[in-house]
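Working through the structure, step by step
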Amino acid sequence: MNPRSNRPRAAVISVLSALLLAVTGLVLITQTGSAATNLVTNGTFETGTLAGWSCTAGSGAAVSGSAHTGTYQLQGSPTSGDNARCSQSVSVKPSSTYTLSAWVKGSNVYLGADGGTSTWTSSTGWAQLTTTFTTSASASTVTVYLHGWYGLPAYQADDVVLDGPGGTGPPPDTTPPTTPGGLTVGSPTSSSLQLNWSAATDANGVSRYDVVRGSDAPQSVGNVTSWTATGLNPSTAYSFKVRACDAAGNCSAYGTTVSGTTSSGPVEPPPGNLPKHVLTGYWQNFNNGATVQKISDVPAAYDLIAVAFADADASRPGGITFNLDSAGLNGYTVAQFKADIAAKKAAGKKVILSVGGERGTISVANSTAAANFASTSLSVLREYGFNGIDIDLENGVNAQYMGQALQSLRSSFGSGLIITMAPQTIDMQAPTYEYFKLALAIKDILTIVNVQYYNSGAMLGCNGAVYSQGSVDFITAQACIMLQNGLRPDQVGLGLPASTRGAGSGYVSPTIVNNALDCLAKGTNCGSFKPSTTWPTLRGAMTWSTNWDALNGNQFANQVGSHVHSLP
């Protein structure tokens, strides 16, 4: 609610009360309560600045011309890699109810509070967003925010109000860290450069550093002062700059831009000696009603078999083990399993171990866990003869430490290590998401990202339009987000369920899968959305699972497999 709109009401109500009392003898009961208490600093932006606010990647500004009230309003300008989030920390009381409101206009404008609720709207004119939340029993501050959506036009916001009891804690932190200095760029290889810089200081501590390469979107690299940029081209100059941010969202200015040049020499091709176009299938190490298979039962159409899943090593955080479910697989022995893997490899196929799944509990969130993941993975891969590893952690990843673990594993295993990923659709909506950050961080050693284009609902595509799952448009508009934001086409695959029972939602026929492949690789058989370019080296398709496919007559293997292998 805009408190200024209440100013004349008391006088009007008093006059009406007097008139009614004089004329009719009735008494008009006045409304109790008072105007909203606004705890937000500079919620009207009438300072003409963003005082009190912090906007990601320099995406916000106080502008004049069409404010909801007064002269100035906030304008946030999203990019393909940033949603123009503008936020501030506010002192609050624990276990207290607050109402947050703002007037906004634009496409997909969000208002919310971290740890509370959020709401959004799309409007060409000013529209009010309102949401209510209750603080936790230990809360002393809350971060309120506004943001738009990736790649959409700028949004505006004005008259931001947080109504509720004022906090008694320390005032919100609005002071940014010092600017990091001493940036150097060196240790070149044909595909990487190492960055080092001096630590910034902050009264409450630095929480992260952001690195910008050239004109790319900022990439958060964690609270470190050394980082390696990978996936670069040989004999090419790259420029970098770094800033520091604290936990309250305050960020320093960027330091001096410094350049470095990669060395000459070819970039190592994707590992594993896989075909140009690949069909991937997950094989279930459990019986859930799908056809029970041995590895030898998997059709030859599958070039890459991902064994699902590894188990968490309870004795080592981040560590993994593998336990064949012999009882559930009709007495399939470990010796037979290993022999079948060896036979598939002899036939030119690759077999890898998948880590995660819906119920996966493996977490790699610090250096110790990263070291444990790398060492235990190496032991398991060597014991069973796996060609590589698949990251399918549906409960989230930490890009910094999982990237560290995979780089270490690859160094120990060798250049032939296959690394694949199977993030959910939401995980690859923008390069700022952790899964996407992980993919870009290990781009030089990454084989394929097979996004799960199911169990997704509606999502924004690369063109800013919203698409519902189950169509060619949904698949192609999602895949092009990766293709337009840093991954090579040979690192992109399309993940779909093999039958209606293979996923909760999102099943499409093999024909739809093939049409999506054609649209992306050849520009044919598209739906209403047709990308502006084609990617002939698109890697292929993936399915969950070979077991559900077998129960469905191997339609995915027969129809999608043959189509993948016929791509140019």
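Each remark here, short or long, concerns the structure printed above.
This write-up is about the structure you can find in this document. If you're wondering where the values come from, they're calculated on a predicted model, not measured in any experiment.

About the thresholds
- Residues numbered from 1 in each chain as written.
- Predicted model: local features only at pLDDT ≥ 70, side-chain atom pairs only at ≥ 80, totals over all residues.
- Heavy atoms only, no water.
- Helix = DSSP H or I, 4+ residues; strand = E, 2+ residues; numbered from the N terminus.
- Buried < 20%, exposed > 50% of the residue type's maximum accessible area, 1.4 Å probe, protein only.
- Pairing = 2+ DSSP bridges.
- Axes fitted to C-alpha atoms, helices over the stretch in contact; angles between N-to-C directions.
- 1 Å grid on protein atoms, 1.4 Å probe; cavity = no way out; pocket = protein on both sides within 12 Å on 5 of 7 lines; lining within 4 Å.
- Points joined across faces, edges and corners; volume = space filled by probe spheres on them.

As for unusual backbone geometry
Of all residues except glycine, most have a negative phi; of all peptide bonds, most are trans. At the junction of Ala 308 and Phe 309, the peptide bond is cis and its omega measures out at 5° in the coordinates. Within the element layout of this structure, Phe 309 appears in the loop between strand 17 (304–308) and strand 18 (311–312). Of the consecutive residues Trp 544 and Ser 545, the connecting peptide bond is found in the cis state with omega at 0°. Summarising the element assignment, Ser 545 is placed in the loop between strand 27 (540–544) and helix 8 (546–551). The phi dihedral of Asp 159 is positive, around 50°, even though this residue is not glycine. By secondary structure assignment, the location of Asp 159 is in strand 8 (residues 155–163). The class for Asp 159 is buried, based on a relative accessible area of 4%. With a phi angle near 50°, Ser 235 is a residue other than glycine that sits in the positive phi range. Following the sequence through the fold, Ser 235 ends up in the loop between strand 13 (226–229) and strand 14 (237–246).

Regarding the sheet that holds strand 9 (residues 184–186)
Here 3 strands make up an open sheet; going across it, the order is 9-10-13 and the pairing antiparallel. Edge strands, defined here as strands with exactly one partner in the open sheet, are strand 9 and strand 13. The sheet shows a mean angle of 25° between the axes of neighbouring strands, direction not considered. Bridge count for strand 9 against strand 10 (residues 193–196) is 3 bridges, and the pairing is antiparallel. Note that in strand 10 the partner of Val 185 across the bridge is Leu 195.

Some remarks on empty space enclosed by the protein
Counted under the stated rule, the structure contains 1 cavity of 30 Å³ or more. Space inside the largest cavity adds up to approximately 30 Å³. In terms of lining, the largest cavity is formed by Pro 497, Ala 498, Tyr 507, Val 508, Ser 509, Pro 510, Asn 552, Gln 555 and Phe 556.

Observations regarding the pairing of strand 17
For strand 17, a buried count of 5 out of 5 residues is recorded, marking the element as mostly surrounded by other parts of the structure. Burial along strand 17 is two-sided: the face carrying Leu 304, Ala 306 and Ala 308 and the face carrying Ile 305 and Val 307 are both buried. Taken together, the 5 bridges between strand 16 (residues 278–284) and strand 17 define a ladder with parallel strand orientation. Residue Trp 283 lies in a different strand from strand 17, and its bridge partner there is Val 307. In this structure, strand 17 lies alongside strand 20 (residues 350–357), joined through 5 bridges in parallel fashion. When the sheet's bridge partners are listed, Val 307 is paired in strand 20 with Leu 353.

What is shown is where atoms sit, not what they do.
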